[in-house]
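Structural overview for review
In case you want the letters, here they are:
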Amino acid sequence: MTVGSSMPEALSVNASSSRSAGAAAAAPDGDPPLEPGLYLVSTPIGNLEDITLRALRVLRSATMVLAEDTRHTRQLFAHFGIRTPLHSCHQHNERQKQALVLRQLQQGAAIALVSDAGTPAINDPGADLVAAAAAAGLPVHPVPGPSAVLAALVGSALPTAPFLYCGFLAAKPGARRKQLAALAAQQATLVFFVSPHALLATLEDTVAALGPQRRCCLARELTKRHEEFWRGSLQDALAEFSERGPRGEFVLLVEGASEGVAAPGPAGGPVGEEQILAALREAVAAGESPSSAAKSVAARLGQSRKLCYQLSLAISEDTAS
């Protein structure tokens, strides 16, 4: 994402620089006119052939296009011969420009919003603008298309319903582990975005919080030349990518918890010993040692590692007898 000027970019449109706000119907030859409103246009995540015919029509016919990075979007426009005026709209100026954009929409403009790749407002700018437009009673039109979340999910070979999109986990280890602990009993397939430099630390924490034997899929470089779907357990994923090194952008998908797995108590409070014992037995049955099971269950349920270790010893004694 690029950082724009501290001064708001002028969004007023004049006859010499672009179509007027009320002339959204004046579409290029051959294209039907666009109805006024805010259009959320999905763009390719790596392969330009994935753009839709509707997306191209909207981008050609819009009064203007708001882009996360105008330099990046200008390359897309050059490839498809699109000449619609571009204005920046990124995380540093989205709220600053909101009133200006709303005014244009109220005057009858058809404004398209794009991110650098994929669907706007999904881990990209746009959510605040969409909420403001809806609150003002202005039309919002999604233009579906490429999505890293859905592409990774359908190719993962994990259950696709239900699934829970979690975005990027916290950068700080403590906050990240707390987030994962809260998700440990979630039965939906979990979907995370992970940058290459954070992958190994994220895998270490998911092994501890969710258990080493959970099935997972790492979708890498989606739709690009070196696209890859790696499938296996979380423990094997950590070993694999520790050895070869993470390269490219990742979507990490983890299967949901089995029915009956204990969940943390309210606000991370204590859970019953029977729930902890059930989780320990499940971990040991999956091949973990008692000490490893105690560590992973403690992280998953937000409980004392000492308590979990004591209970794991009781399980060992029961097994031995």
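A few points on the structure. Predicted model, so just to flag it, every value in this text is computed and none were measured. (Residues numbered from 1 in each chain as written. Predicted model: local features only at pLDDT ≥ 70, side-chain atom pairs only at ≥ 80, totals over all residues. Heavy atoms only, no water.)

1. Points about the packing of aromatic side chains
Following the criterion strictly, the structure yields 4 aromatic pairs and no others. Judged by centre distance (5.4 Å) and plane angle (70°), the ring pair of Y165 and F193 falls under edge-to-face. In this pair, Y165 is assigned in strand 6 (residues 163-168) and F193 in strand 7 (residues 189-194), connecting sequence segments 28 residues apart. Residue F193 is classed as buried on the basis of its relative accessible area, which comes to 14%. Here the aromatic cluster, defined as three or more aromatic residues joined through ring pairs, consists of Y165, F168 and F193. (Phe/Tyr/Trp six-rings, centres within 6.5 Å; stacked < 30°, edge-to-face > 60°. Helix = DSSP H or I, 4+ residues; strand = E, 2+ residues; numbered from the N terminus. Buried < 20%, exposed > 50% of the residue type's maximum accessible area, 1.4 Å probe, protein only.)

2. Quick look at the environment of S304
One can find S304 in the loop between helix 10 (290-301) and helix 11 (305-320). Expressed as a C-alpha distance, the spacing of S304 and A294, which sit 10 residues apart in the sequence, is 9.2 Å.

3. Focus on the sheet that holds strand 10 (residues 250-254)
Taken in spatial order, the 5 strands of this open sheet run 6-7-10-8-9, and their pairing is mixed. The open sheet terminates on both sides in strands that have one partner only, identified here as strand 6 and strand 9 (228-233). If you compare each strand with its neighbour and ignore which way they point, the axes differ by 20° on average. Two strands pair when backbone bridges link them, and strand 8 (residues 215-220) and strand 10 are joined in this way by 5 bridges, in the antiparallel orientation. Among the inter-strand pairings, R220 is bridged to a residue of strand 10, identified as F250. Sheet strands in contact with helix 5 (residues 148-155) are strand 6, strand 7, strand 8, strand 9 and strand 10, and its direction is about 130° off that of strand 7. (Pairing = 2+ DSSP bridges. Axes fitted to C-alpha atoms, helices over the stretch in contact; angles between N-to-C directions. Contact = heavy atoms within 4.5 Å.)

4. A closer look at the packing of helix 7 (residues 199-210) against helix 10
Between helix 7 and helix 10, the shortest axis-to-axis distance is 6 Å and the interhelical angle comes to 90°. Between helix 7 and helix 10, the interaxial angle falls into the category roughly perpendicular. Here helix 7 contributes V207, A208, A209 and L210 to the contact with helix 10, which in turn contributes K295, S296, A299 and R300. Considered class by class, the residues forming the contact of helix 7 with helix 10 number 5 nonpolar, 1 polar and 2 charged. (Parallel < 35°, antiparallel > 145°, perpendicular 65-115°, else oblique. Nonpolar A, V, L, I, M, F, W, Y, C, P; charged D, E, K, R; others polar.)

5. Some words on the environment of P212
As for its placement among the helices and strands, P212 is situated in the loop between helix 7 and strand 8. The contact partners of P212, leaving out residues within four places of it in the chain, are V207, S233, L234, Q235 and E288.

6. Topic: the side chain of E255
With respect to the helices and strands, the residue E255 is situated in the loop between strand 10 and helix 9 (273-285). In this structure the side chain of E255 is engaged in a polar contact, spanning 2.9 Å, whose partner is the backbone nitrogen of R215. Those residues in contact with E255 that sit more than four places away from it in its chain are L158, A188, Q213, R214 and R215. (Polar contact = N/O pair within 3.5 Å; in protein donor to acceptor, adjacent residues only side chain to side chain.)

7. Considerations on helix 4 (residues 127-135)
One full turn of an α-helix is made of 3.6 residues, so residues set three or four places apart face in the same direction. When we look at burial in helix 4, the residues that qualify are L129, V130, A132 and A133. The buried residues of helix 4 occupy an angular sector of 165° when the element is viewed end-on, so they sit on one face. Buried residues in helix 4 make contact with strand 1 (37-41), strand 2 (64-67), helix 3 (94-106) and strand 5 (140-143). G137, located one to two residues past helix 4, shows a positive phi value of around 75°. (Arc of directions from axis to C-beta.)

8. Looking at the nonpolar core
Ranked by size, the top nonpolar core spans 22 residues in total, and within it F192, L203, L218, L252 and V254 carry the most contacts. Put simply, the parts of the chain that give this core at least two residues each are helix 6 (173-183), strand 7, helix 7, strand 8, helix 8 (234-244) and strand 10. Considering each element in turn, this core owes the most residues, 5 residues, to helix 7. In contact with L252, other than residues within four places in its own chain, are L190, V191, F192, V194, T202, L203, T206, C216, C217 and L218. If you look at the next biggest cluster of nonpolar residues, it comprises 19 residues, including V41, L59, A67 and A112. (Core = buried A, V, L, I, M, F, W, Y, C linked by side-chain atoms within 4.5 Å.)

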